[in-house]
Amino acid sequence: MKKNLLGLTTFLFVLFSVSGVWAEPTPWLTGPFQINPGGMHPKGVTGKMAILFEGKDFTSVQLDLDKPVMGKSRYLSVEQVLFEIPKENGSQVALAYKLGGPPHRWYFVVIANTTPAIAIQTAYTGMIYKVPAGSLAEVSDRIKNGVDTIPADWKVVGTATLASQLF
């Protein structure tokens, strides 16, 4: 009996340990985006954006592109920060991220406010900005309390419509 209990305990320990290692990131918000940054991408970039979490930890922004850019159809952020700020008539998502690839001296920032949606889903619509900054901490300080007035040095480069997952 002790041998069976020990075997079962070991099996469960291994099962739960392995499942934690192979845990899939879960999207919180997903939806279409469009970025027209200019420069190397004069035609713009469209696709689906997903804000990914592992448990309660925000892990990355994933962009699945409609057409490949530089040979890739999927890009993940290498740095990111996310805030959800309560507002009078809903809430605001303030998201900053930097994508893997060529080094940039700026971050993408999404400022999106809630939009009317079905009762069990939260939806946000907003703009994507190219924000000059030396570090993620610098951008984080600028967006952590929400953004009501867009700073003059932020360049509008796109739009995003993100909705919470129903299931």
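Definitions and cut-offs
- Residues numbered from 1 in each chain as written.
- Predicted model: local features only at pLDDT ≥ 70, side-chain atom pairs only at ≥ 80, totals over all residues.
- Heavy atoms only, no water.
- Core = buried A, V, L, I, M, F, W, Y, C linked by side-chain atoms within 4.5 Å.
- Buried < 20%, exposed > 50% of the residue type's maximum accessible area, 1.4 Å probe, protein only.
- Helix = DSSP H or I, 4+ residues; strand = E, 2+ residues; numbered from the N terminus.
- pLDDT = per-residue confidence, 0-100.
- Contact = heavy atoms within 4.5 Å.
- Pairing = 2+ DSSP bridges.
- Axes fitted to C-alpha atoms, helices over the stretch in contact; angles between N-to-C directions.
- Phe/Tyr/Trp six-rings, centres within 6.5 Å; stacked < 30°, edge-to-face > 60°.
- Lys NZ or Arg CZ within 6 Å of the ring centre and 35° of its normal.

## Topic: the nonpolar core
- Of all hydrophobic cores here, the largest spans 27 residues; its most connected members are Phe 33, Met 49, Ile 51, Leu 63, Leu 95, Tyr 97 and Ile 128.
- At 5 residues, strand S3 (residues 57–69) tops the list of elements feeding residues into this core.
- Membership of the second largest hydrophobic core comes to 15 residues, among which are Ile 111, Tyr 129, Val 131 and Trp 154.

## Focus: the confidence of the model for the chain
- When pLDDT is averaged along the chain, the result is 82; 78% of the residues meet or exceed 70.
- Element-level pLDDT for the chain is lowest in helix H1 (residues 2–21), with a mean of 40, against a maximum mean of 96 in helix H2 (residues 136–143).
- Predicted confidence for residues 1–22 stays below pLDDT 50, and this span has 0 contacts to residues more than four positions away or in other chains.

## Notes on the sheet that holds strand S8 (residues 155–164)
- One closed barrel holds the 8 strands; their spatial order is S1-S2-S3-S4-S5-S6-S7-S8, and the pairing between them is antiparallel. Averaged over neighbouring strand pairs, the angle between their axes works out to 30° when direction is ignored.
- Inspection of the sheet shows S3 paired to strand S4 (residues 72–87) by 4 bridges, in the antiparallel sense. Counted as the bridge partner of Leu 63 is Tyr 75 from S4.
- Contacts between H2 and the sheet are confined to S4, strand S5 (90–99), strand S6 (106–115) and strand S7 (123–132), with S4 contributing the most and set at about 35° to the helix.

## A short note on the packing of aromatic side chains
- Overall, the coordinates contain 6 aromatic pairs when judged by the stated rule.
- Within the aromatic cluster, the residues linked to one another by ring pairs are Trp 28, Phe 53, Phe 58 and Tyr 124.
- Between the NZ or CZ atom of Lys 72 and the centre of the ring of Tyr 75, over which it lies, the distance is 4.5 Å.
- Here the basic side chain of Lys 98 rests over the ring of Tyr 107, its NZ or CZ set 4.4 Å away from the ring centre.

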